[in-house]
Amino acid sequence: MPEIDVLQGLNSKQAEAVTHTEGPLLILAGAGSGKTTVLTRRVAYLISRGVHPGSILAITFTNKAANELKTRIEALLGEKAKGVWAMTFHSACVRILRTELPGLGRSGRFTIMDSDDQVKLMRKVLKELNLSEKQYTPSGVLKAISAAKDNLMGPEEYAKTALTFYETKVQQAYELYQRKLRELDGMDFDDLLMETVMMFRTHPQVLAKYQAKFAHILVDEYQDTNRVQYELTKLLAAAHHNIAVVGDDDQSIYTFRGADIRNILEFEEDYPRCRVVKLEQNYRSTQVILDGAFNVVRNNARRKEKRLWTAQEGGQPITLYAAQSGEDEARFVAGEIENLAVQGVPLNAVAILYRTNAQSRTFEEAFVERGIPYSVLSGRRFYDRKHIRDAVAYLRLILNARDAVAFERIVNEPPRGLGPAAVRKITEYAAVSGVDLVQALSAASEIKGLNGPQRKAAAELGTAIGGIALKALGQPPHITLRDVLEATGYIPHLDAQGTAESQERLDDLRELLASVRVFAEAGGGLEEYVEQYALVSDQDTYDETKDACVMGTFHSAKGLEFDVVFLVGMEEGVLPHARSIGEEHQIEEERRLLYVGMTRAKRILYMTFSWSREMSLGLGRARVSRFVSEIPRELLDVKTWED
DNA sequence: CTGGAGCGTCTTTTT
DNA sequence: GACGCTCCAG
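All of the points below concern the structure found in this document. (Residues numbered from 1 in each chain as written. Chains lettered and ligands numbered in written order. Predicted model: local features only at pLDDT ≥ 70, side-chain atom pairs only at ≥ 80, totals over all residues. Heavy atoms only, no water.)

### Section: the pairing of strand S13 (residues 562-567)
Applied cut-off: When a residue's accessible area, from a 1.4 Å probe over protein chains only, is under 20% of the maximum for its type it is buried; when over 50% it is exposed; and in between it is partly exposed. Strands are runs of DSSP state E lasting at least 2 residues, helices are runs of H or I lasting at least 4, and numbering of each runs from the N terminus. At least two bridges found by DSSP between two strands are what make those strands a pair.
Counting buried positions over the six residues of S13 gives six, a clear majority of the element. Here four bridges tie strand S10 (residues 350-354) to S13, and the two strands are oriented parallel to one another. Directly across from Leu353, in S13, lies its bridge partner Leu567.

This is the structure:
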């Protein structure tokens, strides 16, 4: 493939970022500056220069972005491009750990515990430690633990820094939580990263293997990396320093999750020989939109000085709509979308963005009423539904008969007369006799304290799951899923209910089966399915070809673009969020959030707010967001419900 | 001991 | 509007 193709159509800065292949590179890429193109071309360029695809590690923020990267590279280079490691931090770590842990005497078949599992487990921990959930909320303790893991502190290290009474209790919870995870052969999201770094630190030969393997490392959305992620890339790049990071400090919106903006601000200090390339030409938005966004974000004290420019002069002013109520706001948005549709704007070119997920409801109702198709940018919504999680828990138990979290989830779902007391007896039996949970179920007749019906129900469940587990290896995963939901009575139970709700759930399960089938036909096995299940994100399920407008949070819209964008709920207490008011650096993050939202728009930008809003306690008066007043008046076209 | 009804509480953003 | 908790009938 001639080199000229790979550089075709790039501006000089972009070309520089693509062709600087040896040594550290910091690409400061403003919103809409062709970042994905640069990443794609860079990988293609490396391969065209003879770099083996398998020695390129490209870390992206979502699986969707990773897949897009792969597809676009293959479009450029064809078969030659196969083998690039394009994935998220978490998927890369899972892959490394599954490969390496068995050689170190540890299990490579761990289950990934998602946030729901974590909370359930933490509840148990707190109960065991006699800590009241009022004072020590599971999410609060988990947040502290997550922060510790982000800073690479295990329970022992954390103990050294735990000073307050609260922290010593958290420390105890941390220790017990980790012990329980080990017993379950589970890892939470943070463990995946921390364990990988720990393994690299304690086993230099393993680290050396990956340092040799990945001759070139690329990291996207670098402004949103946290300490472990930073450490991980630093370790991997230590031997050759062929590390290219792409980011924009103005788009750092994940500090609540430990993202450290210093990683990007201080990259040049970490790698003194580093080349810095700034991409400031924007190919996405009109000048009006860029000016509006710039005038907001310029108010942040902590940022690198820069300003985007575009060859597209002018543009439509930003419409600011003052609504009478939340319903009126939704009515306005729906009405405008209908008008735009008449003018020929396709629905999938329109997005509605809000600060919190709960805000979607009013809009969904208005859209349903008017028959406007929409899809919510929150793939986890589907996967987090109770019955979907139940179904996956059955699969988890088939794969790992010691997965106590999955076991407890489904042992009495549908109701089988096996309540908490019976479950405790079964798990105790398993622990004492050294058998797994499914074997314990099958041996229910030997468990003391269970009554007749309980013994029968438990044995049946054990036989059903055990039987299917035996067959699972040789058949496609969707068949296994269907069989287990039938044989354990899950689907029959829903069928028997015959309510509208149970029908919906059955439909959801059918959808799940269909998606597993698609996954299987693409060559995926049961194990891979369950693994990626825990790692799917909001964006991963987004289908841009569907004829529907998109709704999502500001966060979930990261990296996406739309012709028309509505930013709704532009009120004090919503954006900036009430919990961010008071702390200047949190206000700055909220401001960046708005910046990200505004720069999603290519042609037309709306911002709306309402004078009154339904709050948790009755109707509240609202005030327009402080950020709106930072936008120069001449860029705005102000409308109210009275017009 | 289990399952279901009814009640109060809390809801920022997410890999 | 989802979930945990309490209370009571079987």
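### Here we look at the layout of surface pockets
The criterion, for reference: Computed over the protein atoms alone on a 1 Å grid, cavities are sets of points where a 1.4 Å probe fits but cannot get out and pockets are open sets with protein on both sides within 12 Å along at least five of seven lines; a residue lines them when it has an atom within 4 Å of a point. Grid points are joined across faces, edges and corners, and a volume is the space filled by probe spheres set on the points. Residues are grouped as follows: nonpolar covers Ala, Val, Leu, Ile, Met, Phe, Trp, Tyr, Cys and Pro; charged covers Asp, Glu, Lys and Arg; every other residue, Gly included, is treated as polar.
Volume-wise, the second largest pocket comes out at about 1,600 Å³. Taken together, 47 residues make up the lining of the second largest pocket; nearest its centre are Asn63, Asn67, Gln532, Val536 and Asp540. Taken together, the elements giving at least two residues each to the lining of the second largest pocket come down to helix H4 (63-77), strand S3 (85-88), helix H5 (89-100), strand S11 (374-376), helix H18 (379-383), helix H26 (500-521) and helix H27 (526-535). Broken down by element, the lining of the second largest pocket gets its largest block of residues, eight residues, from H4. Of the residues that constitute the lining of the second largest pocket, the class distribution is 19 nonpolar, twelve polar and 16 charged.

### With respect to the side chain of Asp190
To keep it simple, the criterion reads: Working rule for contacts: check all heavy atoms of both residues, and any pair within 4.5 Å makes them a contact.
Following the sequence through the fold, Asp190 ends up in helix H10 (residues 189-202). Residues in contact with Asp190, not counting those within four places in the same chain, are Ser146, Lys149 and Asp150.

### Quick word on the packing of helix H19 (residues 386-399) against helix H24 (residues 477-487)
Put simply, the rule reads: For helices, the fitted axis covers only the stretch in contact; all axes are lines through C-alpha atoms, and the angles between them, taken along N-to-C directions, range from 0 to 180 degrees. Convention used here: angles under 35 degrees read as roughly parallel, angles over 145 as roughly antiparallel, angles from 65 to 115 as roughly perpendicular, and any remaining angle as oblique.
Running from amino to carboxyl end, H19 crosses H24 at an angle of 105°, the nearest separation of the two axes being 10 Å. With respect to H24, the element H19 is oriented roughly perpendicular. The segment H19 lies against H24, with Ala391, Tyr394, Leu395 and Ile398 engaging Thr480, Leu481, Val484 and Leu485. Grouping the amino acids of the contact of H19 with H24 by side-chain chemistry returns seven nonpolar, one polar and no charged.

### Some thoughts on the protein's contact with DNA strand B
To be explicit about the condition: Any residue with a heavy atom positioned within 4 Å of a molecule or strand is treated as near that molecule or strand. Residues adjacent in sequence count toward polar contacts only when both atoms are side-chain atoms; beyond that, a polar contact is any pair of N or O atoms within 3.5 Å, and within protein one must be able to donate a hydrogen and the other to accept it.
In the vicinity of DNA strand B, 25 residues are found, and the nearest of them are Arg355, Asn412, Gly417, Ser537 and Arg579. By atom count, sugar and phosphate contribute 63% of the portion of DNA strand B lying within 4 Å of the protein. A distance of 2.7 Å is found between a phosphate oxygen of DNA strand B and a backbone nitrogen or oxygen belonging to Gly417. A distance of 3.1 Å separates a phosphate oxygen of DNA strand B from a polar atom in the side chain of Thr553. Broken down by element, the surface near DNA strand B gets its largest block of residues, three residues, from helix H21 (residues 420-433).

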